[in-house]
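# Coordinate inspection notes
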Amino acid sequence: MDRTEFDVLCEGASAEETRLLSKLLAEWCDGDERSFPVHLALLTRVQWRAAASVPRSIDQSREILERTFSEHRQHIVGLVKSFEQATEAKLQALEKSQTAQARQAGESVETLRSQLAEVRAVARLMEGDLRTGAEEWHRAHQQFETERRELDTALAAMNQYWDIQQLVFTGLLLLAACGIGLLIGHFVWR
């Protein structure tokens with residue numbers, strides 16, 4: 001059995017909605033399921049569905065961006081923590097075996113601690129850079145929207161100027177043609 005446009009229109013509707021749509025269709029067009037009102041209703045429903053999906057798509061994109069930033073942040077924190085844990089474990093092992101090489105082990109510990117401090121500082125910088133990047137992206141987006149609006153305004157003004165210029169040029173041509181016509185008429189009728 002072939003599916004009609006009415007079947008597509010009623011897809012996902014309850015039995016009561018289908019009955020009401022069928023009654024409305026019968027009243028409008030004597031039951032023709034391929035008529036203009038069905039096509040109009042089908043097109044309207046598709047447009048509503050498309051319009052309803054836009055906010056959901058925006059929310060999904062925002063959630064994906066937030067999730068990606070969160071994953072990157074967690075990954076960096078995890079790496080720093082694992083590096084810190086590995087460094088701390090190594091420091092404890094070095095402190096236990098610190099008999100004959102106390103001076104050398106002390107220097108190694110200080111070196112590792114300074115590297116750990118640098119890693120922490122770099123991690124803080126990276127976190128700050130991520131936040132700054134997100135803020136810069138937001139500002140750039142706002143600036144882009146502002147510039148786009150200004151360009152639209154400038155384009156509208158330029159189009160209006162062009163229209164006025166065309167109108168003035170046409171008027172001057174018309175005046176010139178009238179003047180030439182008057183001169184020719186003056187000399188011909190003389």
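Everything quoted here is computed from the prediction, not taken from an experiment.

### Section: the overall build of the chain
- A count of helices and strands for the chain gives 4 helices and 0 strands.
- Mapped in sequence order, the helices and strands of the chain form the string α-α-α-α.
- Sorting the 190 residues of the chain into buried and exposed places 9% on the buried side.
- Long-range pairs, those at least 24 residues apart, make up 54% of the contacts in the chain between residues at least 6 apart in sequence.

### Structural notes on the pattern of salt bridges
- Overall, the coordinates contain 8 salt bridges when judged by the stated rule.
- The salt bridge involving Glu 16 is made with Arg 19; its shortest N-O contact spans 2.7 Å. Of this pair, Glu 16 and Arg 19 both sit in helix 2 (residues 15-29), 3 residues apart, roughly one helical turn.
- Exposure remark for Glu 16: the relative accessible area of 43% places this residue in the partly exposed category.
- For Arg 19, a relative accessible area of 44% corresponds to the partly exposed category.
- Of the charged contacts, one joins Asp 152 and Arg 148 as a salt bridge, the two residues approaching to 3.2 Å between their closest N and O atoms. Placement of the pair is Asp 152 and Arg 148 together in helix 4 (residues 102-189), with a separation of 4 residues, close to one helical turn.
- Residue Asp 152 is classed as partly exposed on the basis of its relative accessible area, which comes to 42%.
- Judged by its relative accessible area of 36%, Arg 148 falls in the partly exposed class.
- A single salt-bridge network, built from bridges that share partners, covers Asp 59, Arg 62 and Glu 66.

### With respect to the confidence of the model for the chain
- Per-residue confidence for the chain gives a mean pLDDT of 82; residues scoring 70 or more make up 85%.
- Across the chain, element-level confidence peaks in helix 4 with a mean pLDDT of 88 and bottoms out in helix 1 (residues 5-9) with 72.

### Considerations on a nonpolar patch on the surface
- Taken together, Ile 164, Val 168, Leu 172 and Leu 175 make up a surface patch of nonpolar side chains, about 400 Å² in accessible area.
- Among the structural elements, Leu 175 can be located in helix 4.
- Look at Leu 175 and you get exposed, because its relative accessible area is 61%.

### What about the side chain of Thr 87?
- Looking at the secondary structure, you find Thr 87 in helix 3 (residues 36-96).
- Residue Thr 87 is classed as buried on the basis of its relative accessible area of 7%.
- At 2.7 Å, the side chain of Thr 87 forms a polar contact with the backbone oxygen of Phe 83.

### Looking at the environment of Glu 127
- Its place among the elements puts Glu 127 in helix 4.
- Sequence separation of Glu 127 and Ile 76 is 51 residues, and the distance between their C-alpha atoms is 8.8 Å.

About the criteria used
Residues numbered from 1 in each chain as written. Predicted model: local features only at pLDDT ≥ 70, side-chain atom pairs only at ≥ 80, totals over all residues. Heavy atoms only, no water. Helix = DSSP H or I, 4+ residues; strand = E, 2+ residues; numbered from the N terminus. Buried < 20%, exposed > 50% of the residue type's maximum accessible area, 1.4 Å probe, protein only. Contact = heavy atoms within 4.5 Å. Salt bridge = Lys/Arg side-chain N within 4 Å of Asp/Glu carboxyl O. pLDDT = per-residue confidence, 0-100. Patch = residues over 30% accessible without salt bridge, like charges linked within 9 Å, V, L, I, M, F, W, Y side chains within 5 Å. Areas by Shrake-Rupley, 256 points an atom, 1.4 Å probe, with all protein chains shown as cover. Polar contact = N/O pair within 3.5 Å; in protein donor to acceptor, adjacent residues only side chain to side chain.

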